[in-house]
Amino acid sequence: MARGSKPGKIGTVVGALGAAIVRGEIASGTVLPPEPELAERYGAGRSVVREAVKILVAKGLLTVRPRHGTQVRPQHDWTLLDREVLGWMRSEDGLDRALLLALEETREIIEPEAAALAATRATPEDLARIRAALAEMEAGQDDPQAAIAADKRFHLAILDATNNPILRSFRGAIDTILSAMFDFTVDVFGGNLANHAAVVDAIAAGEPEQARQAMRQVLGYTRGHMLSSSALADGASPKKKAIPGETP
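Residues numbered from 1 in each chain as written. Predicted model: local features only at pLDDT ≥ 70, side-chain atom pairs only at ≥ 80, totals over all residues. Heavy atoms only, no water.

What to know about the overall build of the protein
Here's step 1: When you go through the protein residue by residue, the secondary structure sums to 13 helices and two strands.
Here's step 2: For the protein, restricting intrachain contacts to residue pairs at least 6 apart in sequence, the fraction spanning at least 24 positions comes to 72%.
Here's step 3: About 12,500 Å² of surface is accessible on the protein, with carbon and sulfur atoms providing 53% of the total. (Helix = DSSP H or I, 4+ residues; strand = E, 2+ residues; numbered from the N terminus. Contact = heavy atoms within 4.5 Å. Areas by Shrake-Rupley, 256 points an atom, 1.4 Å probe, with all protein chains shown as cover.)

Quick look at the nonpolar core
Here's step 1: Of all hydrophobic cores here, the largest spans 35 residues; its most connected members are I21, L61, L62, W88, M89 and L103.
Here's step 2: Where this core is concerned, the elements lending two or more residues are α1 (7-22), α2 (35-41), α3 (46-58), α4 (83-89), α5 (97-121) and α9 (171-180).
Here's step 3: Looking at this core element by element, the count peaks at eight residues for α1.
Here's step 4: Other than its neighbours up to four places away in sequence, I21 contacts I26, L61, L62, V72 and W78.
Here's step 5: Membership of the second largest hydrophobic core comes to 23 residues, among which are A118, A211, A214 and V218. (Core = buried A, V, L, I, M, F, W, Y, C linked by side-chain atoms within 4.5 Å. Buried < 20%, exposed > 50% of the residue type's maximum accessible area, 1.4 Å probe, protein only.)

Thoughts on the pattern of salt bridges
Here's step 1: Applying the stated criterion across every chain, the model contains 18 salt bridges.
Here's step 2: Here R171 and D160 are joined by a salt bridge, their closest N and O atoms 2.9 Å apart. Of this pair, R171 sits in helix α9 while D160 sits in helix α7 (residues 144-160), placing them 11 residues apart in sequence.
Here's step 3: Here the salt bridges share partners, and the residues they tie into one network are E113, E209, R212 and R216. (Salt bridge = Lys/Arg side-chain N within 4 Å of Asp/Glu carboxyl O.)

Thoughts on the pairing of strand β2 (residues 69-72)
A regular strand places its side chains so that they alternate between the two faces of the sheet.
Here's step 1: One ladder, built from four bridges, connects strand β1 (residues 62-65) with β2; its direction is antiparallel. From the neighbouring strand, T63 faces β2, where its bridge partner is Q71.
Here's step 2: In this antiparallel pair of consecutive strands, β1 and β2, the connection spans three residues, and R67 shows a positive phi of 70°. (Pairing = 2+ DSSP bridges.)

Topic: the confidence of the model for the protein
Here's step 1: The pLDDT averaged across the protein works out to 86; a share of 85% of its residues lies at or above 70.
Here's step 2: In this model, residues 1-5 is a region of pLDDT below 50 whose contacts with residues beyond four sequence positions or in other chains number nine contacts.
Here's step 3: Ignoring residues within four places in sequence, the model shows residues 235-248, a span with pLDDT below 50, making 37 contacts including any to other chains. (pLDDT = per-residue confidence, 0-100.)

Side note on α1
Here's step 1: Taking 1.5 Å as the rise per residue, α1 with 16 residues should run 22 Å; its terminal C-alpha atoms sit 22 Å apart, in good agreement.
Here's step 2: Taken residue by residue, α1 has I10, V13, V14, G15, L17, G18, A19, A20, I21 and V22 as its buried positions.
Here's step 3: Buried residues along α1 sit against α3, β1, β2 and α4.
Here's step 4: One or two positions beyond α1, positive phi appears at G24, with a value near 80°. (Expected span 1.5 Å × (residues − 1).)

With respect to the environment of A116
Here's step 1: Looking at the secondary structure, you find A116 in helix α5.
Here's step 2: We classify A116 as buried; its relative accessible area is 5%.
Here's step 3: Through-space distance from the C-alpha of A116 to that of E209 is 6.2 Å; in sequence the pair is 93 residues apart.
Here's step 4: What A116 contacts, discounting residues up to four positions off in sequence, is P208, A211 and R212.

Structure (structure tokens):
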């Protein structure tokens with residue numbers, strides 16, 4: 001591999017340039033400086049900058065056109081369900097209120113219908129995975145990191161239990177959304193366990209409408225907590241709680 005083109009260096013440039021774009025330090029419509037200037041700015045080789053730009057193009061942040069240069073795209077073109085893009089959008093106070101609510105709204109569109117499908121299609125193996133995740137959630141109430149990981153497994157297992165290949169392809173998106181909702185799910189976790197259990201019971205009973213409504217209760221509980229949060233009411237996001245062993 002050529003000097004200056006190591007993956008770690010490419011990642012550093014991607015992170016620095018991507019963060020500058022999503023935080024508005026480089027405005028939408030801006031044409032980036034030529035490759036040599038970017039290479040000097042970020043202390044990297046031109047091949048590194050070229051690869052970093054390709055990655056940001058794939059994430060929807062940049063567009064490259066002959067004779068027009070490399071231009072920053074508007075936010076509606078960004079791949080907002082990309083884990084890195086959401087990470088760059090997080091300030092030290094968390095994610096923007098409007099974005100958090102939009103993420104939760106997206107869950108409300110997908111997950112209740114996924115639960116209803118799971119109630120008609122889940123195999124015994126699917127149901128075992130869902131129940132195992134719920135049991136891990138219940139057992140991990142004193143360990144936030146373990147509990148949140150189990151919560152994610154719970155929701156992803158239900159998505160898998162639809163046995164719909166298109167819905168299953170949303171696993172990465174839902175995983176990313178759940179990670180972004182971390183600030184709130186820690187606070188509401190214990191009080192929402194009964195709603196999660198109701199989802200499992202409805203799926204196990206083969207009752208799609210009950211499963212749909214139970215999942216709406218799960219999501220509504222979180223949304224209600226978000227809307228009542230004093231931090232969100234002021235138009236900001238709550239500061240992220242530190243969890244032992246978590247990488248910022």
